[in-house]
Amino acid sequence: MGTRMEVAQLESRMNTEDYRKLQGLFLDPSGAPRSLSRTEFIDLAWSSVGRGTKEEYGLLFDSVVVTQEHRGLLLDLEAVMEEGRVDWGGLCSFLLVELSDKLKNTKTSIAPRWKPPRTLTCPHRDPVQKVLHLQSSGQYLTVSKGGTVGLRDAEDMSLLHAHRLQNSTVSPKDLWVTDVVLLHNVHKIAVSFTSKEVCFYDILSKQDFGCKYKLQGLKFTPWCLDYWADPSNPDQAVLTIGDIGGQVSALYFTSAQISLFERLGLRKDSDSADIILWDELVKGKNHSCYTVTHQGHTPAWVRKVRYLDSLDAFVSCSTRAQSSMVIGWREKDSRSLRVTSFFTQRGVWDMDHHRGLNLIATAGVDHQVLLWNPYVTSKPVCRLSGHTSPVTSVRFMQTQQQLLSYSKDKVLCLWDVARQLCVHRLAGVFPETQEDTQTLLFLHEERQLLILSFNSLLVLLETMKEEKRTSSHEHPVTCVLYNSLFRQVVSSDSASSVICWLAHTGQKVKQFHRCHGNNEISTMALDGTQTRLFTAGVDGEVKVWDFNGRCLHRMNAGLGRPVEISQVLLLKRSILVMGWERMLTVFRLHSFSQSFVEPSEWKGGVQHRSDVLCAAFQPPQTLVTGSYDGEIIVWNNSTEKALRKLRPLAELREGHVPDSHLGVNGKEDPDNSIAITRLLFIPGRTSAAVTAGGADLVSCGGSGVVRLWNTVHSRLVGEFTAHNRDLGSILTTVSPCGKYLVTADREGTLKTWDIQQYCLEPDERITKEPPKLLGSFRPHLDHVTHLEMCLHGDRLFVLSASSDCSVAFSYLPGETVGLFGQEEQWCLERPGHLRPQQEPERNQRDQEGGKRSPPAPGETLPDPGPDTSAEGGGMGIKEEGEDCGTDAGVDGRKTFIQVKS
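Please read all numbers here as calculations on a predicted model, not as lab measurements.

Right, let's get into the overall build of the protein. If you tally the helices and strands in the protein, you get ten helices and 62 strands. Burial status across the protein gives 54% buried among its 901 residues. By sequence separation, contacts in the protein at least 24 residues apart represent 50% of the contacts at least 6 residues apart. Surface accessibility of the protein: about 39,600 Å² in total, with carbon and sulfur atoms responsible for 49%.

So, on to helix α2 (residues 16–25). Those residues of α2 not exposed but buried are D18, L22 and L25. For α2, the arc enclosing every buried residue in end-on projection is 50 degrees, short of the 170-degree limit, so these residues lie on one face.

Let us look at the pattern of salt bridges. Under the definition given, this model contains 23 salt bridges. Two residues, K214 and D269, come together in a salt bridge whose shortest N-O distance is 2.6 Å. In this pair, K214 is assigned in strand β11 (residues 211–216) and D269 in the loop between β15 (267–268) and β16 (274–277), connecting sequence segments 55 residues apart.

Here the focus is the confidence of the model for the protein. Across the protein, pLDDT averages 82, with 82% of residues at or above 70. Low pLDDT, under 50, characterises residues 69–83; the stretch is placed with 14 contacts to residues that sit more than four places away or in other chains. With pLDDT under 50 throughout, residues 104–109 is counted as low confidence; its partners more than four residues away or in other chains account for seven contacts.

F200, L215, L251, F253 and F261 are the most contacted members of the largest nonpolar core, which totals 24 residues. For this core, the secondary-structure elements that each account for two or more residues are β8 (177–183), β10 (197–202), β11, β12 (222–230), β13 (233–243), β14 (248–253) and α7 (278–282). In this structure, L215 is in contact with K196, E197, V198, F200, I241, L251, I276, L277, W278 and L281, ignoring residues within four places of it in sequence. Grouped together as the second largest cluster of nonpolar side chains are 20 residues, L134, V143, I189 and C199 included.

In this section: the packing of aromatic side chains. Under the defined criterion, the tally for this structure stands at 30 aromatic pairs. Each ring, one from F486 and one from F547, has its centre 5.4 Å from the other, and the planes form 65 degrees; the classification is edge-to-face. Separated by 61 residues along the polypeptide, F486 in the loop between β33 (477–483) and β34 (488–493) and F547 in the loop between β39 (541–545) and β40 (551–556) bring together distant segments of the chain. Judged by its relative accessible area of 39%, F486 is partly exposed. Every member of this aromatic cluster is reached through a ring pair, and the members are W501, F797, F809, Y811, F820 and W826. Geometry around Y252 places R330 over its ring, the cationic atom sitting 4.5 Å from the centre. The ring of Y290 is capped by R335, whose NZ or CZ atom sits 3.8 Å from the centre of that ring.

Right, let's get into empty space enclosed by the protein. For the structure on display, the rule yields two cavities of 30 Å³ or more. Forming the walls of the largest cavity are L218, K219, F220, P222, I241, D243, Q247, S249 and W278. Of the residues contributing to the lining of the largest cavity, the split by class is five nonpolar, two polar and two charged. Volume-wise, the second largest cavity comes out at about 50 Å³. In this structure, the second largest cavity is lined by ten residues; those nearest its centre are A675, C700, G701, G702 and R707. Mapped onto the lining of the second largest cavity, the elements with two or more residues apiece are β50 (697–701) and β51 (705–710). Considering every element that reaches the lining of the second largest cavity, the biggest residue donor is β50, with three residues. The class makeup of the residues in the lining of the second largest cavity is five nonpolar, four polar and one charged.

Moving on, we come to the side chain of D416. Mapped onto the elements of the fold, D416 is located in strand β28 (residues 411–416). A polar atom in the side chain of D416 sits 3.0 Å from the backbone nitrogen of A418.

A few words now on the sheet that holds strand β60 (residues 815–819). On the basis of which strands lie adjacent, the open sheet formed by four strands has the order β57-β58-β59-β60 and antiparallel pairing. The open sheet has two edge strands, β57 (784–792) and β60, and neither has a second partner. Adjacent strand axes in the sheet meet at a mean angle of 25 degrees, parallel and antiparallel pairs treated alike. The pairing of strand β58 (residues 795–802) with strand β59 (residues 807–811) spans five bridges and is classified as antiparallel. From the neighbouring strand, S800 faces β59, where its bridge partner is A808.

The interhelical angle for the contact between α2 and helix α3 (residues 38–49), taken along N-to-C directions, is 140 degrees, at an axis separation of 10 Å. As summarised for this structure, α2 and α3 are arranged oblique, according to the angle between their axes. Like other packed secondary-structure pairs, α2 and α3 cross with a definite hand, here right-handed. Residues D18, K21, L22 and L25 of α2 form the contact with α3, whose own contacting residues are F41, L44, A45, S48 and V49. When its residues are assigned to classes, the contact of α2 with α3 shows six nonpolar, one polar and two charged.

A separate point is the sheet that holds strand β47 (residues 632–636). If you trace the four strands from one edge of the open sheet to the other, you get β45-β46-β47-β48, paired in antiparallel fashion. The open sheet has two edge strands, β45 (612–618) and β48 (641–646), and neither has a second partner. Sheet twist, expressed as the average angle between the axes of neighbouring strands with direction ignored, equals 25 degrees. Sheet topology places β47 next to β48; five bridges connect them, and they run antiparallel. Directly across from W635, in β48, lies its bridge partner A642.

Inspection of the secondary structure puts K739 in the loop between β53 (731–734) and β54 (740–744). Judged by relative accessible area, K739 falls into the buried class, the value being 7%.

So, about α3. In this model α3 runs 16 Å from its N-terminal to its C-terminal C-alpha over twelve residues, within 8% of the 16 Å that 1.5 Å per residue would give. Residues F41, I42, A45 and V49 constitute the buried set of α3. Taken end-on, α3 shows its buried residues confined to a sector of 95 degrees, consistent with a single buried face. Turned more than 90 degrees away from the buried face of α3 sit T39 and S47, all of them exposed. Of the residues trailing α3, G50 is marked for its positive phi of about 75 degrees.

Conventions adopted
- Residues numbered from 1 in each chain as written.
- Predicted model: local features only at pLDDT ≥ 70, side-chain atom pairs only at ≥ 80, totals over all residues.
- Heavy atoms only, no water.
- Helix = DSSP H or I, 4+ residues; strand = E, 2+ residues; numbered from the N terminus.
- Buried < 20%, exposed > 50% of the residue type's maximum accessible area, 1.4 Å probe, protein only.
- Contact = heavy atoms within 4.5 Å.
- Areas by Shrake-Rupley, 256 points an atom, 1.4 Å probe, with all protein chains shown as cover.
- Arc of directions from axis to C-beta.
- Salt bridge = Lys/Arg side-chain N within 4 Å of Asp/Glu carboxyl O.
- pLDDT = per-residue confidence, 0-100.
- Core = buried A, V, L, I, M, F, W, Y, C linked by side-chain atoms within 4.5 Å.
- Phe/Tyr/Trp six-rings, centres within 6.5 Å; stacked < 30°, edge-to-face > 60°.
- Lys NZ or Arg CZ within 6 Å of the ring centre and 35° of its normal.
- 1 Å grid on protein atoms, 1.4 Å probe; cavity = no way out; pocket = protein on both sides within 12 Å on 5 of 7 lines; lining within 4 Å.
- Points joined across faces, edges and corners; volume = space filled by probe spheres on them.
- Nonpolar A, V, L, I, M, F, W, Y, C, P; charged D, E, K, R; others polar.
- Polar contact = N/O pair within 3.5 Å; in protein donor to acceptor, adjacent residues only side chain to side chain.
- Pairing = 2+ DSSP bridges.
- Axes fitted to C-alpha atoms, helices over the stretch in contact; angles between N-to-C directions.
- Parallel < 35°, antiparallel > 145°, perpendicular 65-115°, else oblique.
- Left-handed = near helix turned anticlockwise from the far one by under 90°.
- Expected span 1.5 Å × (residues − 1).

Here it is as structure tokens:
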């Protein structure tokens, strides 16, 4: 049976049209749903889609069956494999599970951010052969071909001490180190030389590195070493040697902490080191050590060797194709090795093993990185293609299931093993060297650092430490408001919590839990007094609260049903709730004498053909509503009668909705979204300008498009694409002065536009040119769920909520002050930002000197005062122009609704 990894390759190659073809296979000629057997599915899918092979479609069918079996939907797997059938629902369920797994893998497979490479002070004059990390002290040890040892600081990698290894066997000019390993359990290093010996040096005395043992008489020059000690029994250890004769030899130590080799009868040389002869070890004359050997690579050189304790086997590699990789398996209770060989086109330079995945990665001379199952010699599990020159090093990142590979053309790649993708590629940052430069790759995963050697040059690569992201809430934030009375910010989340924050410091004031039980709060609103908070839950209720956390009223918007409430709009005599049906749900203020409030009838009846999602109010009596199908209706709020309709497309003006815009159940197709998610009247636009044909209404929604409308003449005045259409639905808000428009998308990006003169002059054509973009910034890492603009003190700010659990406070045109809840309190006072009282002088200068200049990037954008229109969804609703049942507002200039408790 195929693996999920193989199936995922087919899925990733299929596009939307391929899946449409697959869906069609599960419909019979009459259009009724049907199921397919394995043979039918393979033949029809292969002939219809034409992508992939019949074997891959068979793997896909089998994976669907296995998934259903694991979910308890099938009991007899063998019977199903022979006679079972799969329908479109089963295939979709499997694909959704696979997509969920991929998303999880994507989130855990984050590419590192590297600091600029740093060249280390190096005592070496010849190529570096090995870098070691001393676990006891945390320091780093480098050893060069000429025997020079450099000891480095654990923190800043500075050079602490340099020493030259002594070996009286050869003259200093002939000394050639081939490899070094750390014997951490006995505080020694083992160094192999071209003099066909391995010397053991004591590292406890860092000044002299005294030689304790010399293993001599090896048949071939040792070229690579590996060492393993049993964590549960440090006396048990294995030193593995690979030589230029193709032989792999292992020394098993049985009492390592007492003595690596027996001292009886040992000879000493001029270095005062005990001499151990290889032939005597092979003959078993040393009772604390014995050997095992195989010659699986002969006549090629062994380039790398590892002992895998989990398999009790020795894995090694060479550049000979027939023995590219060889595994010597230790037979039970035997000192012999069973050898298996793996073939590649041109051999292997390096290899590494992932203990958790039990995969071996090989660095191929043929530019390929291969992943092998150690038990399968016939072919690799997968090929990681991307290098254009021989790969010289591979290193697994054990904790993240990632793989690093380095090639001769100085390219470093980071691979996601599960997805078989290169998630990061680093090139052009390494020093210029000769073509035959010897490069060593050392990875210290715990500290997330890499050391690369280019002959005698050492280059350090460190990852930037990810700053801990501030979370304002523990769950995705759904709405944010500004309370001008208390000078606080109010935010809600999907876990039904409401938090109040100090705007001038970003610190939490109070928090209310379980406002709607376990149900998400979808939107909020403030009344005109700023003393009452309205929260709407997906349980279908709207609740009215004071800021002591006491629930004053419960509004039965959903009539006992859970519904999606997208906006609550407060007017003088009524409260409108919308989001889940084609008609507005209205609550009259006279009904608030009871704690549980029932909705009243909307006199205008049903005028929309799809769900009403948003609304906006313009005093004295203009109400507009936007729906899921892109239609906007203008109402007289006093009579609740529909006056006219606004539609963006020519087809809609003719009275029908094109099928291309509708999906299942008449809902909008998300790939071509026309839904209206927010409506805003533009403050400050005079009735004369609107009558002449200028825009007075802004709408936004799907496909990243912002539209400006004239509600008097029922026409579209202008539209522009504010964000990438592929990002789907966007949000927008307008400043109280009507000069600035802010938009936000699903990637957390905010943009500020100057719309003071945009679409103000009448024009027969629809304006397609966007307004001036003043700034673009990204305060969030994920979907922006709500936007609000507020005047705090004497400056304009943008409030943004996101599904990344944060609420951001930002200057205009685009600089984030901070995230609410962060440890460090912010200070809003800083130089370079204009105060509103400075604006008249500037306007006067501009009028005298000609056209007004745009604001400087760092200055605060002035705003004459709060918005007096009833903007929907988020803002505290304050109204002007109605003369019934009003009281003076907080600042003496505005009016408000008083909801009696």
